[in-house]
Amino acid sequence: VERSRGLGDVYKRQLSDLEHKITVKTEAGRSAKQSVVELEHRMKDLAEIIKYAEQYKDNRSYHIAYKKAKNPDAYFRRYESQIILYGGARRMLEQAGIKLKGLNVDKLRAEYQALETQKKELTATYKNCEKEVRDLKQKQENLNRYLGRTQTDPVQEQFKKKNNPIL
């Protein structure tokens, strides 16, 4: 009897360890997932800035030529869409707090790539945590079954009682 009680304590300790691991892994997965969401927001904002930076850069020469043109009205009519795109991109970048002097689109793209790499790593981490939690919960369920502590779902229990009145 003493030996079996000792074994029960070992299993209870294992069960407690499993519950702790499940809690830790669940929180790690939740944290990683939250970080992915935050990164996605930053990436979305950065993608928009990159788009405007490219429009600004691509159409800046039209703006400069327009300012120097001998006949600005004729030049504007000819290159209206490029000049408007430049102006809109410039306003959006200024509103975003981007300094136009020394604007480096390649640097912005590199920053975006770094965020994308970070997002992939965090996504892998959170998916790995989810898998580990599923495995740990399966072990917990098996250990509970072995100890005779079957934890049944109350909704499932009600369903069984309704469909099988003998239980």
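Bear in mind that the values here come from a model prediction, so they are computed numbers and not experimental data. (Residues numbered from 1 in each chain as written. Predicted model: local features only at pLDDT ≥ 70, side-chain atom pairs only at ≥ 80, totals over all residues. Heavy atoms only, no water.)

A look at the overall build of the protein
Argument step 1. From N to C terminus, the protein includes five helices and zero strands.
Argument step 2. Listing each helix as α and each strand as β along the protein from the N terminus yields α-α-α-α-α.
Argument step 3. Burial status across the protein gives 21% buried among its 167 residues.
Argument step 4. Here the contacts in the protein between residues at least 6 apart in sequence split such that 78% fall between residues at least 24 apart. (Helix = DSSP H or I, 4+ residues; strand = E, 2+ residues; numbered from the N terminus. Buried < 20%, exposed > 50% of the residue type's maximum accessible area, 1.4 Å probe, protein only. Contact = heavy atoms within 4.5 Å.)

Looking at the pattern of salt bridges
Argument step 1. This model, assessed by the stated rule, comprises eight salt bridges.
Argument step 2. The shortest N-O distance in the salt bridge between lysine 25 and glutamate 132 comes to 3.2 Å. Note that lysine 25 is positioned in helix α1 (residues 2-68) and glutamate 132 in helix α4 (residues 105-146), a separation of 107 residues in sequence.
Argument step 3. Looking at lysine 25, the relative accessible area reads 26%, which means it is partly exposed.
Argument step 4. The exposure class assigned to glutamate 132 is partly exposed, which follows from its relative accessible area of 26%. (Salt bridge = Lys/Arg side-chain N within 4 Å of Asp/Glu carboxyl O.)

Observations concerning the side chain of asparagine 59
Argument step 1. One can find asparagine 59 in helix α1.
Argument step 2. We classify asparagine 59 as buried; its relative accessible area is 8%.
Argument step 3. When neighbours within four sequence positions are excluded, asparagine 59 is seen to be in contact with Gln82, Leu85 and Tyr86.

Quick look at the environment of valine 133
Argument step 1. For valine 133, the position within the fold is in helix α4.
Argument step 2. Take valine 133: its relative accessible area is 11%, and that puts it in the buried class.
Argument step 3. Along the sequence, valine 133 and lysine 21 sit 112 residues apart, while their C-alpha atoms lie 8.1 Å from each other.
Argument step 4. For valine 133, the residues in contact, after removing those within four places along its chain, are Ile22, Lys25 and Thr26.

As for the nonpolar core
Argument step 1. With 19 residues, the main nonpolar core has Tyr56, Leu93 and Leu108 as its most contacted residues.
Argument step 2. Where this core is concerned, the elements lending two or more residues are α1, α3 (80-95) and α4.
Argument step 3. At 10 residues, the largest contribution of residues to this core is made by α1.
Argument step 4. Excluding residues within four positions of it along the chain, leucine 108 makes contact with Leu46, Ile49, Ile50, Ala53 and Leu103. (Core = buried A, V, L, I, M, F, W, Y, C linked by side-chain atoms within 4.5 Å.)

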